[in-house]
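Each chain, written out:
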Amino acid sequence: MNVFHLAYTVTDLDSAISFYGKLLGCQEGRSTETWVDFDFFGNQLSLHIGEVVKRSKTTSNVDGISVPMPHFGCVLDWESFHDLADKLKSAGVLFIIEPTIRYEGMPGKQATMFFEDPFQNALEFKAYQNPSEVFSK
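Given the structure is predicted, the values throughout are model-derived calculations rather than measurements. (Residues numbered from 1 in each chain as written. Predicted model: local features only at pLDDT ≥ 70, side-chain atom pairs only at ≥ 80, totals over all residues. Heavy atoms only, no water.)

So, about the sheet that holds strand β2 (residues 27–31). The mixed open sheet is built from four strands, whose spatial order is β1-β4-β3-β2. Edge positions in the open sheet fall to β1 (5–10) and β2, since each of these has one partner strand only. Strand-to-strand twist across the sheet, computed as the mean angle between neighbouring axes with direction ignored, equals 25 degrees. Sheet topology note: the strand β3 (residues 35–40)/strand β4 (residues 43–49) ladder contains six bridges and is antiparallel. Residue pairing for β4: D37 is matched across the bridge by S46. Docked against the sheet, helix α1 (residues 13–23) engages β1, β2, β3 and β4, running at close to 5 degrees with respect to β3. (Pairing = 2+ DSSP bridges. Helix = DSSP H or I, 4+ residues; strand = E, 2+ residues; numbered from the N terminus. Axes fitted to C-alpha atoms, helices over the stretch in contact; angles between N-to-C directions. Contact = heavy atoms within 4.5 Å.)

Pairing between side chains becomes possible if they bear opposite charge and their charged atoms approach one another. Taken as a whole, this structure holds two salt bridges when the rule is applied. Across the salt bridge formed by K109 and E104, the nearest N and O atoms sit 2.9 Å from each other. Judged by its relative accessible area of 53%, E104 falls in the exposed class. (Salt bridge = Lys/Arg side-chain N within 4 Å of Asp/Glu carboxyl O. Buried < 20%, exposed > 50% of the residue type's maximum accessible area, 1.4 Å probe, protein only.)

Side chains of D77, E79, D83 and D86 sit close together on the surface and give a patch of like negative charge. The class for E79 is exposed, based on a relative accessible area of 58%. (Patch = residues over 30% accessible without salt bridge, like charges linked within 9 Å, V, L, I, M, F, W, Y side chains within 5 Å. Areas by Shrake-Rupley, 256 points an atom, 1.4 Å probe, with all protein chains shown as cover. Lys, Arg positive; Asp, Glu negative; His and termini not counted. Charge placed at Lys NZ, Arg CZ, Asp CG, Glu CD.)

Next comes the structure, spelled out in structure tokens:
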């Protein structure tokens, strides 16, 4: 089993549990008074109390869209992406980049969206119309 692990910082575990657990639907794993683990769509996300990593003033141009750096997230299947986008819209989440399609008509066509967690960590979720093209050139 290959599972990606990411440890990131937050300033409040209750808010993290509400956002990642309740809003995003991630199952909570082990936790202590200073950190909490989540099953982040099949990957392990460990959120630790600490100073939040500040977003760079630098962005990266991806298919004509200026994306925030750094960011993390997940690749979902096409239907799950759209279900999550609808759920986030219904919850009033403010998007950095609204759900959109990029690389239209090209290998690697994908849906993408960017938003922040309560700690200003930028997240990207995306889905490939053809999952075999995740690593296409």
